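For reference, the chains in residue letters:
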Amino acid sequence: MLLTNHVLSGAVIGALARRPAPAFAVGIASHFVLDAIPHWGDWESKRRFLDVAVRDGLASLAAMGVLTAAAPAERRLAVLAGMAGAALPDADKPTMLWFGWSPWPPAVNRFHTAIQHESRRRAYVEVLAASVLAAAALIAIRRRPA
C-alpha cells in the first residue's frame, strides 16, 4: 500500500482516538491491516520503485502537513501521532535503500513481507483507497465532538 494511504488512515485514527498514545498504537496496527489488502506493487525494477516511492513520500509529507494544520488544536497531536504510527512500519524502506539494514527485528520483516500481495495491475486499489481515506480523514478531523 502506498505510504500516502497509510498516512490518510492514520489521520482518521488520530481524529477518532483523540489521544496521541492510542492513536499511535492503532496507527501502527492499521499499517499491517492495509498492507494485507491486495494492492499495487511488484515493481519491475528498483528504478520504477524509486520513481513511485519518491513521489509517494512527498505526497505523504504534504498530506501530513495539510491534515495536521486542518486538525483542531485539541486533536492535532493525536492526528499527527496516528499518521506517524501508520507510516512507521515502512521506515525499513529507506534504511534498506541507504544503509542496507532494517530497523525492525527479522520476525517483523518476515511478517510484513508475507502479508503483502502486490500486483502491477492494482493501481486502482490505491486510487480508491486514497479517495475514501482522504474524504474520511477530512470528515473525521473537521467533525465536532459529540
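In this report, we go over the structure that sits alongside the text.

Rules and cut-offs
- Residues numbered from 1 in each chain as written.
- Predicted model: local features only at pLDDT ≥ 70, side-chain atom pairs only at ≥ 80, totals over all residues.
- Heavy atoms only, no water.
- Helix = DSSP H or I, 4+ residues; strand = E, 2+ residues; numbered from the N terminus.
- Buried < 20%, exposed > 50% of the residue type's maximum accessible area, 1.4 Å probe, protein only.
- Patch = residues over 30% accessible without salt bridge, like charges linked within 9 Å, V, L, I, M, F, W, Y side chains within 5 Å.
- Areas by Shrake-Rupley, 256 points an atom, 1.4 Å probe, with all protein chains shown as cover.
- Salt bridge = Lys/Arg side-chain N within 4 Å of Asp/Glu carboxyl O.

Residue Arg-18 is not a glycine yet carries a positive backbone phi of 65°. One can find Arg-18 in the loop between helix H1 (3-17) and helix H2 (20-35). Unusually for a residue other than glycine, Asp-42 sits at a positive phi of about 55°. Structurally, the position occupied by Asp-42 is in the loop between strand E1 (39-40) and helix H3 (46-70). Its relative accessible area of 39% is what places Asp-42 among the partly exposed residues.

Nonpolar side chains collect at one region of the surface, where Leu-97, Trp-98, Phe-99 and Trp-101 lie side by side and expose about 510 Å² of accessible area between them. Tracing the chain through its elements places Phe-99 in helix H5 (residues 92-99).

What follows deals with the pattern of salt bridges. As enumerated under the stated definition, the model contains 6 salt bridges in all. Between Arg-47 and Asp-51 there is a salt bridge, and its shortest N-O distance comes to 3.9 Å. Pair noted here: Arg-47 and Asp-51 are both in helix H3, with a separation of 4 residues, about one helical turn. Note on Asp-51: relative accessible area 28%, which makes it partly exposed. One salt bridge connects Asp-92 with Lys-93, and the closest N-O pair in it is separated by 3.2 Å. The class for Asp-92 is buried, based on a relative accessible area of 11%. The network of salt bridges with common partners includes Asp-42, Glu-44, Arg-48 and Arg-120.

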